[in-house]
Amino acid sequence: MTDLEMTRLCAEAMGYYLMRPSASDHAWHTAEQDYYDPLHDDAQAMALVKKCDIHCEKIGSWWECEEPMGHLGTHSDLNRAICECVAKMQMARSSS
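Here's what I pulled together on the structure shown here.

Rules used throughout
Residues numbered from 1 in each chain as written. Predicted model: local features only at pLDDT ≥ 70, side-chain atom pairs only at ≥ 80, totals over all residues. Heavy atoms only, no water. Pairing = 2+ DSSP bridges. Helix = DSSP H or I, 4+ residues; strand = E, 2+ residues; numbered from the N terminus. Contact = heavy atoms within 4.5 Å. Polar contact = N/O pair within 3.5 Å; in protein donor to acceptor, adjacent residues only side chain to side chain. Buried < 20%, exposed > 50% of the residue type's maximum accessible area, 1.4 Å probe, protein only. Axes fitted to C-alpha atoms, helices over the stretch in contact; angles between N-to-C directions. Parallel < 35°, antiparallel > 145°, perpendicular 65-115°, else oblique. Left-handed = near helix turned anticlockwise from the far one by under 90°. Nonpolar A, V, L, I, M, F, W, Y, C, P; charged D, E, K, R; others polar.

Right, let's talk about the pairing of strand β4 (residues 62-66) for a bit. Sheet topology note: the strand β3 (residues 55-59)/β4 ladder contains five bridges and is antiparallel. By the bridge assignment, C56 is partnered in β4 with C65. Where β4 and strand β5 (residues 72-75) come together, four bridges link them in antiparallel fashion. Across the sheet, E66 pairs through a bridge with L72, a residue of β5. Between β4 and the antiparallel strand that follows it, β5, lie five residues; G70 among them carries a positive phi value of about 100°.

It is worth spelling out the environment of H75 at this point. Within the fold, H75 resides in strand β5. Setting aside its immediate chain neighbours within four residues, H75 contacts W62, W63, R80 and A81. Separated by 2.9 Å, the side chain of H75 and the backbone nitrogen of D77 make a polar contact.

Another point: unusual backbone geometry. The phi angle at D53 is positive, at roughly 55°, despite the residue not being glycine. Within the secondary structure layout, D53 lies in the loop between α2 (42-52) and β3. Classification of D53 by relative accessible area gives exposed; the value is 53%.

Mapping N79 onto the fold places it in helix α3 (residues 78-95). Side-chain polar atoms of N79 contact the side chain of D42, separated by 3.0 Å. Once residues within four sequence positions are removed from consideration, N79 is found in contact with P38, L39, H40, D41, D42 and A45.

Attention shifts here to the sheet that holds β4. The strand order across the open sheet built from three strands is β3-β4-β5, with neighbouring strands paired in antiparallel fashion. What marks the edges here is a single partner per strand, and that holds for β3 and β5. Going across the sheet, the axis of each strand differs from the next one's by a mean of 15°, ignoring polarity. Those strands touched by α3 are β3, β4 and β5, and its axis lies near 155° from that of β5.

Right, let's talk about the packing of helix α1 (residues 3-14) against α2 for a bit. Here α1 crosses α2 at 50°, and the two axes come no closer than 10 Å. By the angle between their axes, α1 is oblique relative to α2. Remark: the crossing between α1 and α2 carries left-handed chirality. Two secondary-structure elements touch here, α1 through C10, A13 and M14 and α2 through A47, L48, K51 and C52. A class-by-class count of the residues in the contact of α1 with α2 yields six nonpolar, no polar and one charged.

Following this line, the structure appears as structure tokens:
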């Protein structure tokens, strides 16, 4: 999954209306946020944690983030672990 796809899934989980990708390879313009990039914006990543009820734990140098249905994101970067978790959750929602 690309960073742009992951960010798209996170925006959808937040209920944002996607307008167009930004000039970068990982962010979107939405109707609600001019520039949505939770991979690099701590406040946007924390909003995902609160909205999706994600539990994050640091194990050694890695972060593990899990949501109530058991989808897990792991990475050394906390924002990326959060986004990975939410993207997996959102993909599962879309396929059911």
